[in-house]
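For reference, the chains in residue letters:
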Amino acid sequence: VGVVKQIIQERFDAIIDLHEDWESDGYYLYEQIRDRNALGPEITERVSPHCPINGRPEIEGEIALGGVIYPDLELQKRKCGKGVPVEVFKRATNHQITLESPSGFPIDARVEAHLKAIDVVLEAYASERRDLSHARLKPGYVLEPESITEPELTDEDWKDLSEGIRLFNAGAYWESHEAWELVW
């Protein structure tokens, strides 16, 4: 989170975050939005010919509809600003989409699904006749180690970090990542 706070110095129309979920049997997404219409249903419709959609009513402990999760931003855990996606949404954009492809499917199907999702977002913003001349990859940021400050960690954060270390040392690498993600 400290790195995110340092590098995000401008706002973006939309941010798309590409992920994979080893536990999911289908594609799904998180969409956080302010001041515009949701794109989630159109994304899952475009993705579905290439990758099945996770149709469960609850995914990752969140209410889902047709593979789309709209996180409740009023929950105390999100209002406190825990985690990178919360910081990015607060500081950098009014529209953040986190795409989750199922790890168990072939890589070409997962890549195609992500590309279809990205197309939906780009087409939506282009159809609004926004000036997209600035829509390019930003040059890399240079992090100065001395300027990165450590976030203040709660007792629960330290517990999660310790659990992640224990899992990592036991060879449970994915599980350690999951424990650490609670702190990120």
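In short, a report on the structure. Predicted, not measured: the structure shown is a model, and the values here were computed from it.

Successive side chains on a regular strand alternate, one facing one side of the sheet and the next facing the other. A large share of strand β6 (residues 95-102) lies buried, amounting to 8 of its 8 residues. Burial along β6 is two-sided: the residues His 95, Ile 97, Leu 99 and Ser 101 and Gln 96, Thr 98, Glu 100 and Pro 102 are all buried. Summarising the sheet, strand β1 (residues 15-21) and β6 pair through 7 bridges and their orientation is parallel. Residue Glu 20 lies in a different strand from β6, and its bridge partner there is Ser 101.

Okay, helix α5 (residues 107-127) next. Over its 21 residues, α5 runs 30 Å from end to end, which matches the ideal 30 Å to within 8%, given 1.5 Å per residue. Within α5 the residues assigned to the buried category are Ala 109, Arg 110, Ala 113, His 114, Ala 117, Val 120, Val 121, Ala 124 and Tyr 125. Buried positions in α5, seen along its axis, are confined to an arc of 155° and lie on one side of it. In α5, the exposed positions angled more than 90 degrees off the buried face are occupied by Ile 107, Asp 108 and Ser 127. Along its buried surface, α5 packs onto β1, α2 (40-47) and β6.

Grouped together as the largest cluster of nonpolar side chains are 15 residues, with contacts concentrated most on Tyr 27, Ile 43, Val 47 and Leu 99. Elements that contribute at least two residues to this core include exactly α2, β6 and α5. Element by element, the count of residues in this core is highest for α5, at 6 residues. If we ignore the near neighbours within four places in the chain, the residues touching Leu 99 are Ile 16, Asp 17, Leu 18, His 19, Tyr 27, Tyr 28, Leu 29, Ile 43, His 114 and Ala 117. Counting residues in each nonpolar core, the second largest holds 5 residues, with Tyr 28, Tyr 30, Ala 64 and Ile 69 among its members.

In this section: the environment of Ser 101. If you trace the backbone, Ser 101 turns up in strand β6. The spatial distance from the C-alpha of Ser 101 to the C-alpha of Asp 21 is 6.0 Å, given a sequence separation of 80 residues. In contact with Ser 101, other than residues within four places in its own chain, are His 19, Glu 20, Asp 21, Tyr 27, Arg 110 and His 114.

The residue Asp 35 is not glycine, and still its phi comes out positive at about 60°. Relative to the helices and strands, Asp 35 resides in the loop between β2 (28-33) and α2. Owing to a relative accessible area of 75%, Asp 35 belongs among the exposed residues under this scheme.

This part covers the sheet that holds strand β3 (residues 58-59). A sheet is described by the order of its strands in space; here 6 strands give the open sequence β1-β6-β2-β5-β4-β3, paired in mixed fashion. Both edges of this open sheet fall to β1 and β3, since each of them pairs with a single strand only. The pairing of β2 with β6 spans 6 bridges and is classified as antiparallel. Counterpart to Gln 32 in the pairing with β6 is Gln 96. The strands touched by α2 within the sheet are β2, β5 (68-69) and β6, with β2 carrying the most contacts at an inclination of about 155°. Strand contacts of α5: β1 and β6, with the helix running at about 160° to β6, the strand carrying the most contacts.

Another aspect to go through is the packing of helix α6 (residues 155-169) against helix α7 (residues 173-181). Working note: a packed helix pair is described by the angle between its axes plus the distance between those axes. Between α6 and α7, the shortest axis-to-axis distance is 8 Å and the interhelical angle comes to 175°. When the interaxial angle is binned, α6 and α7 end up roughly antiparallel. Contact residues: Asp 160, Leu 161, Glu 163, Gly 164, Ile 165, Leu 167 and Phe 168 in α6; Tyr 173, Glu 175, Ser 176, Ala 179 and Trp 180 in α7.

Another aspect to go through is a nonpolar patch on the surface. Together, Ile 107, Val 111 and Leu 115 make up an exposed nonpolar region whose accessible area comes to about 270 Å². Among the structural elements, Leu 115 can be located in helix α5. Classification of Leu 115 as partly exposed rests on a relative accessible area of 42%.

What follows deals with the pattern of salt bridges. Tallied over the full model, the rule gives 6 salt bridges. Of the charged contacts, one joins Asp 25 and Arg 56 as a salt bridge, the two residues approaching to 3.4 Å between their closest N and O atoms. Within this pair, whereas Asp 25 is found in the loop between β1 and β2, its partner Arg 56 is found in the loop between α2 and β3, the two being separated by 31 residues in sequence. Among the salt bridges present, the one from Arg 46 reaches Glu 42, with a minimum N-O distance of 3.6 Å. Highlighted residues: Arg 46 and Glu 42, both in helix α2, separated by 4 residues, approximately one helical turn. A relative accessible area of 38% means that Glu 42 is categorised as partly exposed. Three or more residues joined by partner-sharing salt bridges are found here, namely Glu 42, Arg 46 and Glu 123.

Cut-offs used in this document
- Residues numbered from 1 in each chain as written.
- Predicted model: local features only at pLDDT ≥ 70, side-chain atom pairs only at ≥ 80, totals over all residues.
- Heavy atoms only, no water.
- Buried < 20%, exposed > 50% of the residue type's maximum accessible area, 1.4 Å probe, protein only.
- Helix = DSSP H or I, 4+ residues; strand = E, 2+ residues; numbered from the N terminus.
- Pairing = 2+ DSSP bridges.
- Expected span 1.5 Å × (residues − 1).
- Arc of directions from axis to C-beta.
- Contact = heavy atoms within 4.5 Å.
- Core = buried A, V, L, I, M, F, W, Y, C linked by side-chain atoms within 4.5 Å.
- Axes fitted to C-alpha atoms, helices over the stretch in contact; angles between N-to-C directions.
- Parallel < 35°, antiparallel > 145°, perpendicular 65-115°, else oblique.
- Patch = residues over 30% accessible without salt bridge, like charges linked within 9 Å, V, L, I, M, F, W, Y side chains within 5 Å.
- Areas by Shrake-Rupley, 256 points an atom, 1.4 Å probe, with all protein chains shown as cover.
- Salt bridge = Lys/Arg side-chain N within 4 Å of Asp/Glu carboxyl O.

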